[in-house]
Amino acid sequence: MSQSVVIKRNKYGMTVILDKEKEYDSLKKDVEEKFKQSAKFFNDAQVAVCFQGKELDQVQENELVQVITDNSELKVICIVDEDKERERLFKSAIDNKDTIDNVQGGQFYKGTLRSGQLLESDASIIILGDVNRGAKVVAAGNIIVLGMLKGTVYAGANGNANAFVVALDMDPMQIRVAEVRARKADETSKKSRKRFSLHKPSSVVEPQIAYVQEDNIYIEPITREVLRDMPF
């Protein structure tokens, strides 16, 4: 078992290295045992987790995250893959989560929101999962979706126009930030930026941020330059 599951810690979380030759169900049991044995060393830290070694699908990754949280006091904020741009976003999410917890009493939600579901927060919220069409998220602060955003989101519900929305795959039906709202059909441009223009090629999936400037909602890919020039 000790050879089939290896845990490596780093500044922002941990890498769980899995034996690629072993069956998933056996690895799942080994992960459970490994984290039971190691629980006293981790305490209640908030971490990002990266799975390496064995190729896993999203369902399997989510199952292993549940095994980890069930058998330790760790709080898994997100799953990191080896895509450098996405990893940078995850790092940002971890840093932002620390700020939210310490300053705004933010919340973390793990799971997929389906049509008809409503998730509300009186602070900022990080969602590890998808927001499907017909689902709605309302937060007084920021909304970070570590998955697909296809439903409706309302950030800055307390009137904070500096709030923002981040998603790994941004394709919502409606976005509202404070008093400014936009629907999927709305399109305009400014300095090559797009205001709620969501007709991107299906092959292009990149982390994006939505924010308010001059009473418009703009959506842009997350880059260092964009973050530096944010109006908040």
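In what follows, the structure referred to is the one given above.
Residues numbered from 1 in each chain as written. Predicted model: local features only at pLDDT ≥ 70, side-chain atom pairs only at ≥ 80, totals over all residues. Heavy atoms only, no water.

Looking at the pattern of salt bridges
A side chain of one charge can pair with a side chain of the opposite charge if their charged atoms are brought near each other.
Then comes step 1: Scanning the model with the defined rule gives 6 salt bridges in all.
Then comes step 2: With a shortest N-O distance of 3.3 Å, Arg133 and Asp171 are connected by a salt bridge. In this pair, Arg133 sits in the loop between β7 (125–128) and β8 (136–139) while Asp171 sits in the loop between β11 (165–170) and β12 (174–177), placing the two residues 38 residues apart along the sequence.
Then comes step 3: Where Arg176 meets Glu179, a salt bridge forms, and the shortest distance between an N and an O atom there is 3.3 Å.
Then comes step 4: Residue Arg176 is classed as buried on the basis of its relative accessible area, which comes to 16%.
Then comes step 5: Taken together, the salt bridges that share partners define one network made up of Arg133, Lys150 and Asp171. (Salt bridge = Lys/Arg side-chain N within 4 Å of Asp/Glu carboxyl O. Helix = DSSP H or I, 4+ residues; strand = E, 2+ residues; numbered from the N terminus. Buried < 20%, exposed > 50% of the residue type's maximum accessible area, 1.4 Å probe, protein only.)

Here we look at the environment of Asn71
Then comes step 1: Structurally, Asn71 is set in the loop between α2 (58–70) and β4 (75–79).
Then comes step 2: The buried category is assigned to Asn71, whose relative accessible area is 15%.
Then comes step 3: Sequence separation of Asn71 and Glu33 is 38 residues, and the distance between their C-alpha atoms is 8.1 Å.
Then comes step 4: The residues contacting Asn71, other than those within four sequence positions of it, are Glu32, Phe35, Lys36 and Ala39. (Contact = heavy atoms within 4.5 Å.)

A word on the sheet that holds strand β10 (residues 152–155)
Then comes step 1: Taking strand neighbours across the sheet as the criterion, the 5 strands line up as β6-β8-β10-β12-β13 in an open arrangement whose pairing is mixed. The open sheet has two free edges, formed respectively by β6 (118–121) and β13 (180–183), since each of these has just one partner strand. Strand after strand, the sheet turns through a mean of 5° between neighbouring axes, direction not considered.
Then comes step 2: Looking at chain direction, β8 and β10 are connected through 3 bridges and run parallel. Residue pairing in the sheet places Val137 in a bridge with Val153 of β10. (Pairing = 2+ DSSP bridges. Axes fitted to C-alpha atoms, helices over the stretch in contact; angles between N-to-C directions.)

Observations concerning the packing of aromatic side chains
Then comes step 1: Evaluated as defined, the whole model comprises 1 aromatic pair.
Then comes step 2: Relative to Tyr218, the ring of Tyr211 has its centre 6.3 Å away and its plane inclined at 35°; by these criteria the two rings are tilted. Across the pair, Tyr218 and Tyr211 agree in class, each one buried. (Phe/Tyr/Trp six-rings, centres within 6.5 Å; stacked < 30°, edge-to-face > 60°.)

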